Structure formats: C-alpha cells, structure tokens
Amino acid sequence: MDVSYFIEEKIKEIKKIVGDDIAINALSGGVDSSVVAILAHKALGDKVKNIFLDTGMMRQNEPETIQASFKKIGITVEVKDVSDRFFTALKGEEDGEEKRKIFRDTFYTVLSEAVKESGAKCLLQGTIKPDVEETQAGVKTQHNILSQIGIDPEEQYGFKTIEPLIDLVKWEVREVARELGMPQTRFNTMPFLGPGLTGRVIGEVTRERVETVRKANNIVEEELMPLKPFQCLAVLFKDNATMKGDENALGRNYGSIIAVRCIESEDARTAEITEIPYDVLKKIVKRITTEISGVIKVVYDITPKPPSTIEYI
C-alpha cells in the first residue's frame, strides 16, 4: 500500500462527500477512529465536529485522556456523558450477542441526535475490514457495522456514513497513523472493543460490575504493557467461586472470578498467547484480589485464536 497516496485520496474523498456541509466524527480514542479524526480534520478543518460518547463502559480515565491528547494536536473533542442511556438499555440482558446489538442501537440513536442537533448530514467512523468480516461471518456483531448487513443509516438514523479505513486491516491503519504524524503512544495503543467493557462483563452489565472489570483491566494493563503485547485485558465471569471464609460461619462465601488474557498478533485475525513470566502472573493475582473488593479468583486464559476469539463476547 502506498500510504501517502492513500491519505491524499481519502482526504479528497471526504471533501467530496461532505461538500459544503459539516460532519460529525465518532471518536472512540482507538487508533482507527483517531486516524479518521486526523484525516477529517485535514479534509474539513472546523467543519468536522469530534464527539466522544462516554458510555460508562470505557477504560479508567479514558474520556479525559483522549480529550487532552487531541487538544495537543489542535483537535477539539466534545465528551458527552450518555452512560445512563446505555446502562438503562442493557439492564437485564445477559446474552453476549444481544448486548452487542443493544449497544449498537443505543450508540447510533445517541449519535443521530447529535448529528441532527449539529445540522450535519454525514458521520465519519473508524470501521476497518475485520469489523465487517466478523459481523458478516456471524462471529459477533461489531457495533459500527450498518450498511454491510442491510441497515440503511440514512433511512434509520438520518445520516450518511463515511468509512475511510473500511478496506484496511490493523497494521495498515497503524502505517497510516505513522505517516500522519500521530504520536507512537497513540498509534501503538492496544485495540479496545467498540462496545467497551460491555464485552468484558459476562452476564448482566451493571455499573458495579463494569467498575470491577475496569479496575482489573487497569491492573492488567499496568503489569503487562512492559511486555508490549498486541492486546491484554481482563474479563469478569458471571458465576462466582467459593472463597475461604470464617470456618464458624454458616453456609458458603462467594467471590467474583476474573480472567486475564494477553495475546500476540499482527492483524487480530489470528493470535498466539503471550508467555508471561510466572512472577508477573503472581503479582497480577495478588493485586487484583487485594485491590478489588469481592474478587477472589484469577485465571489466565491460554487459548489462541482460533479456536477462540480475542475478546470473550
């Protein structure tokens, strides 16, 4: 791929589609949507408005970090706290695929309101090739797939989608990011699933359960980032495990289970497990079980992709 040519062509394409109108960019902070934000800024300048939806499912301090990071390169990001909308929509649902669909529908409903309020007619988003492939293959619904599965965004939500990266895989997106001058700390960030921590809570998504997995995810990233994996994460199980408690107490005591996952990959299509030093694993277990109330068991998932996917749900 000729990266410079790709950038030039995408800037022209964005200009042509948007024309004299304004556009909204759905920014999640990951490398895909961040690249789109920079392409759109180069193409449209102040005619593009970057919106970060704080769904309540993001990693620790993510909204503030993203806002500050883009401010350094002259791009303003508006953060909208819409967490109540998402937790309400997800209440009572435990099925992983249904949770992804609920997240998608809520995501685009909220964005459509922002698009109408701004007067924009186009929505830019960082959809990449594997998002389409996994959704069309029925592996799992990616939250940013619409027209590719027969949903007309103009008819249902009132905007046209622009997806400059739709034909690229992750390593190609990183090359575009590098060419655009994005700081390495941003274009080498680990992939983070579109529905956020929704996908790392097995069972019902509540504020309390999301906060548990958010803290675990933060510990995992702090301890494993020095190994420079493609991706590492924590998952909260639905079932609880028996814990050692007061021997004189009646009945069992239970606590939560956290799974740790760390993988190596080029494009997320296949993945191998990171061979983590045992002392590092022991430190992760100690931190999670002592720093997070209610968690009493930690397991390390050693399943490659395939047969597993990287994320759980």
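Residues numbered from 1 in each chain as written. Predicted model: local features only at pLDDT ≥ 70, side-chain atom pairs only at ≥ 80, totals over all residues. Heavy atoms only, no water.

Engineer: Which residues make up the packing of aromatic side chains, and what values do they have?
Structural biologist: With the rule as written, the count across this model stands at seven aromatic pairs. Between Y157 and F159 the ring centres are 6.0 Å apart and the planes differ by 15 degrees, which places this aromatic pair in the stacked class. This pair shows no difference in class: Y157 is buried, exactly as F159 is. Taking 6.1 Å as the distance between ring centres and 40 degrees as the angle between the ring planes, the aromatic pair formed by F237 and Y312 counts as tilted. One end of the pair, F237, is in the loop between β6 (231–236) and β7 (241–243); the other, Y312, is in the segment after β10 (295–300), with 75 residues separating them in the sequence. F237 gets classed as partly exposed once you look at its relative accessible area, which sits at 22%. Residue classification places Y312 among the partly exposed positions, given a relative accessible area of 28%. What links up through ring pairs into an aromatic cluster is the set F86, F103, F107, Y108, Y157 and F159. Here R59 stacks its cationic end above the ring of F192, 4.1 Å away from the centre of that ring. (Phe/Tyr/Trp six-rings, centres within 6.5 Å; stacked < 30°, edge-to-face > 60°. Buried < 20%, exposed > 50% of the residue type's maximum accessible area, 1.4 Å probe, protein only. Helix = DSSP H or I, 4+ residues; strand = E, 2+ residues; numbered from the N terminus. Lys NZ or Arg CZ within 6 Å of the ring centre and 35° of its normal.)

Engineer: Lay out the environment of V298 with the relevant residues and their values.
Structural biologist: Among the secondary structure elements, V298 is positioned in strand β10. Once residues within four sequence positions are removed from consideration, V298 is found in contact with I258, V260, V285, I288 and T289. (Contact = heavy atoms within 4.5 Å.)

Engineer: So what's going on with the pairing of strand β3 (residues 77–81)? Residues and values would help.
Structural biologist: Inspection of the sheet shows strand β2 (residues 48–54) paired to β3 by five bridges, in the parallel sense. Counterpart to L53 in the pairing with β3 is K80. As for the winding sense of the linkage, the β-α-β connection from β2 through helix α3 (residues 62–71) to β3 is right-handed. (Pairing = 2+ DSSP bridges. Right-handed = clockwise from strand over helix to strand, strands pointing away.)

Engineer: An account of the sheet that holds strand β5 (residues 160–162) is needed here, citing residue identities and associated values.
Structural biologist: Spatially, the five strands line up as an open sheet ordered β3-β2-β1-β4-β5, and their pairing is parallel. A single partner strand is all that each edge strand has here, and the edge strands are β3 and β5. Taking the axes of each pair of neighbouring strands and ignoring which way they run, one obtains an average angle of 30 degrees across the sheet. The sheet contact formed by strand β1 (residues 23–26) and strand β4 (residues 122–124) spans three bridges and is parallel. Across the sheet, the residue bridging to A23 is C122, located in β4. Relative to β3, α3 is tilted by about 165 degrees, and along the sheet it contacts β2 and β3. Against the sheet, helix α5 (residues 96–118) contacts β1, β2, β3 and β4, and its axis sits at roughly 150 degrees relative to β1. (Axes fitted to C-alpha atoms, helices over the stretch in contact; angles between N-to-C directions.)

Engineer: Which residues make up helix α1 (residues 3–18), and what are the values?
Structural biologist: Compared with an ideal rise of 1.5 Å per residue, which puts 16 residues at 22 Å, α1 spans 23 Å between its outermost C-alpha atoms and is within 8% of the ideal. Of all the residues in α1, the buried ones are V3, F6, I7, K10, I11, I14 and V18. Across the axial projection of α1, the buried residues extend over an arc of 130 degrees, all falling on one side. Away from its buried face by more than 90 degrees, α1 exposes K12 and K16. Residues of α1 that are buried sit in contact with β1, α2 (31–44), β4, β5 and α8 (170–179). (Expected span 1.5 Å × (residues − 1). Arc of directions from axis to C-beta.)

So, to be careful, I would describe these as geometric facts and stop short of saying anything about function.
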